[in-house]
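Structure assessment
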Amino acid sequence: MTEFALQGVRIIDHTIAWAGPQSTLLLADMGAEVIKIESCTRPDVMRGGGLSGRRIQKFWETGPWFLQLNRNKLGITIDLGKPEGKALYLKLVKISDAIIDNFTPRVMPNLGLGYEELKKVKSDIIMVHLPGYGSTGPYKDAPAYGDCINAFSGLDNITGYPGKPNMRPGIAYGDPTSGFAAAFGLLAALHYRQRTGKGQVIDVSHFEATSKAMDGLLDYAINRRIQRPIGNSDARFAPQGCYPCLGDDKWVVITISSEQDWLEFIRILGNPDWAHDNRFATSANRREYHEELDKLIGTWTCQHDNYEIMRLLQGVGIAAAPVLESGELFIDPHFEARGFYEASIHPYTGTKLLPGTAYKMSRTPGGTRWSAPLFGEHNDCVFKDILGLSSVEIAELTAKGIIGTEPSYARG
Amino acid sequence: MDSALSDLKIIDVGHYIAGPYCASLLAGLGAEVIKVERPGTGDGSRQLGPFPDDKPHPEKSGLFSYLNLGKKGITLNLKSAWGKEAFLKLVSQSDVLIENYEPRVMPSLQLGYEELREVNPRLIMVSISNYGQTGPYRDYKGFEITMNALGGIQYEIGELDREPLKLGGEQMQFQAGLVGAFAAMSAIWYRNLTGFGQHIDLSIAEIAAIMKGAPSTYFQFSGVKRMRNGTRPMRDARPGEPVVKSRDPGNLYPIAILPCKDGYVCVDTEAEPQWHALCEMMGKPELKEDPRFIRGRRGQNADEVDIILSEWLKEKTQREVFEECTNWRVPLGIVNNMETLFNDPQHRERGFFTTVNHPELGSIEYPGHLFLMSETPWHYQSPAPLLGEHNREILVNRMGYSERDMDKAASEGVI
């Protein structure tokens, strides 16, 4: 039998969208039993409808994001607004180790399911909150999406071409970052509970989790200097940049990190005359005339394929890589060789290659066991096999709309 | 108060950002972290700034002092027999070892996982590298920008008619460190159940590909690649559509970075009711019915949306806009720079920064907790170690080397 690192850990997962599901994905990939709770009135917003519209059959089973973020989880539905739903939920709490939610701070207490209430049911429960700005402080009630956190964390401001800050970072950086943080915090609390028998509350703010990685704060703390965007260049060495290649919108990034790199580089370029210009003699010179140098390098790179440039330069120890597009990632030979993209086999979306875990563990490798749950797919498994409800009880709950296997919007 | 990880002993033989950050997260939760550095020069990040007044000094690097908060520091030459013996002894008494050298380095020192496991089968070894310990790019060179490119992040940042951009800062290095800390804790749980340690092979490129989100998954559904679009998002394509090169930011617009009276803000309305609230808030409820701005049209008329928003924003400060938006439930972010981030009222109220007194740098305010824990708060017990600061405490007092051993090792440059 394959063993998993987090065997025996049971987690209730109330989260939707990206950050929370990313967090419980890490835990589920490691073998924790993650029970994802949706309700017929509030399915995970990532379930679909955006990409393909609502025309296709069971569109809520076809969301790419949902598929990517929810493998290895058990999917159930409970309406927490109703007393029977709440009772069912509390039964689950009683046998779980941790609860994770990404509601705004008011939601769980308003449902009568705040930490103090849940502690009465399970005294050592661990509760992880994942609100945008944290559960306390002046911003606690402000609505937040990824772009708000990119702005607040300073990422927008330090990303950009030289002299042109405030570029959109293209990813919702705070989501995976705070998701990783929540998963780590949960395990730290679990470790503490194992030693002491005590549960606790963890409050993960997307804003803080992203700010913790802003090393530019140090220059401000020490020298009161404000970091400015420097495009693709590096403060330590030059040139470093992103250069056009053969093909439509193809690019390669190159870093020359030492004098030896520079000599090898100009050798590969065929020792063009400009390479011996005094303006490019040292790393400091090259930094000063970076823009001119970039243009000259571009005259060489634009004649070559970006993968070819990577192989040529890496062959002599120079850092270079193609700028991969969304359609190139899962066919890159390196990712392929490492088995990073894992197949998801799913009744409504077929077989797709999804990003796996970012690490391999030698003894408990984890990996895809099953793809993202269909809506309410594991109601029977969880309510019957885990909670011990009878078929009659389940039928009653279904009839009352407490649980179900179709979102309410499916009925029009 | 108690600490979550106070029973764990960690060796940090990492350098620069990813490995040391990983270990610093464990230190912040109370683990004992012993940092092993090369005698003489130490961790390469000691040579990186920021330094006070830009004067380089190995004990005054702001970056090193941040990434190594709360650790103890010893120096060992891992190429020498003595250094190796002391290192293995340390390994035998530790729970986790964290390293982020190129994959060939630890095995070449005969300190690969197979060797370390002999000494301590319960050990968890976290190896963080750019490309991972296997695969055709394993020994390739890489920097932050290389990871941005290979992970697919770079392609979607920047202007459509210019070169794609990396994210500012060293984000992938940091997040690889964080995921390394998660993986280490998973392995600790397993070890506590079974007694077995293991090796964790973490790739920064794969972290980047995960942080990129779902565009590669989208591509498999629709065959459409997403493009960069400056300060705006790019519209998601529909199945069957050709490659998008329009500047249409899509139906969620406005997601827009725009100037106000004293800086920039990012308006981030991703649902129809939020757009309606925004119109009401600006005192222009008629825009809700305006055919140019109904659902499905705002993206095509993004320039006009920007003009209207900018007109409203120019009279207001970032704070005024943010407060008003919060009251109206309109998502909006203030575009902080490093100064306003440092002084941000939310961070200040929650005590995000922690002041640590460093013997050479003086009192510095560092980013503190990654999250708040009610029972076991984040806490750094000491500043970053000076090079070899705890040699005596660890090697003599704890591991039982004699003063004579120490003097001999010092004279041979081993410590």
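The preceding data block contains the structure.
Procedures and definitions
- Residues numbered from 1 in each chain as written.
- Chains lettered and ligands numbered in written order.
- Predicted model: local features only at pLDDT ≥ 70, side-chain atom pairs only at ≥ 80, totals over all residues.
- Contact = placed C-beta atoms within 7 Å.
- Helix = DSSP H or I, 4+ residues; strand = E, 2+ residues; numbered from the N terminus.
- Pairing = 2+ DSSP bridges.
- Axes fitted to C-alpha atoms, helices over the stretch in contact; angles between N-to-C directions.
- Buried ≥ 20, exposed ≤ 12 C-beta atoms within 10 Å, placed from the backbone.
- Parallel < 35°, antiparallel > 145°, perpendicular 65-115°, else oblique.
- Nonpolar A, V, L, I, M, F, W, Y, C, P; charged D, E, K, R; others polar.

Contact with chain A, which involves 121 residues of that partner, is made by 127 residues of chain B. Top element by residues in the side of chain A that touches chain B is helix α8 (residues 174-196) of chain A. It accounts for 15 residues. Pairing between strand β6 (residues 200-203) of chain A and strand β12 (residues 372-373) of chain B: two bridges, direction antiparallel. By the bridge assignment, Asp203(A) is partnered in β12(B) with Leu372(B).

For the rest of this paragraph, the subject is the sheet that holds strand β6 (residues 198-203) of chain B. Taken in spatial order, the seven strands of this open sheet run β12(A)-β6(B)-β5(B)-β4(B)-β1(B)-β2(B)-β3(B), and their pairing is mixed. What marks the edges here is a single partner per strand, and that holds for β12 (359-361) of chain A together with β3 (72-75) of chain B. With strand direction ignored, the average angle separating the axes of adjacent strands in the sheet is 20°. Strand direction decides the pairing type here: strand β4 (residues 96-99) of chain B and strand β5 (residues 124-129) of chain B, joined by four bridges, are parallel. Residue pairing for β5(B): Ile98(B) is matched across the bridge by Val126(B).

A few words on the pairing of strand β8 (residues 251-255) of chain A. Residues and elements named next belong to chain A. The buried fraction of β8 is high, at five of five residues. Across the two faces of β8 the burial is the same, with Trp251, Val253 and Thr255 and Val252 and Ile254 all buried. Direction of pairing for strand β7 (residues 240-244) relative to β8: antiparallel, over a ladder of five bridges. Across the sheet, Gln240 pairs through a bridge with Thr255, a residue of β8. Counted between consecutive antiparallel strands, the loop separating β7 from β8 contains six residues, among which Gly247 sits at a positive phi close to 110°.

Time to look at the packing of helix α7 (residues 171-194) of chain B against helix α8 (residues 204-211) of chain B. All names here are of chain B. Interhelical geometry of α7 versus α8 gives an angle of 100° and a closest axis separation of 9 Å. One element, α7, and the other, α8, form an angle in the roughly perpendicular class. In this structure, α7 uses Met172, Gln173, Gln175, Ala176 and Val179 to contact α8, whose residues at the interface are Ile204, Ile207, Ala208 and Met211. Residue composition of the contact of α7 with α8, by class: seven nonpolar, two polar and no charged.

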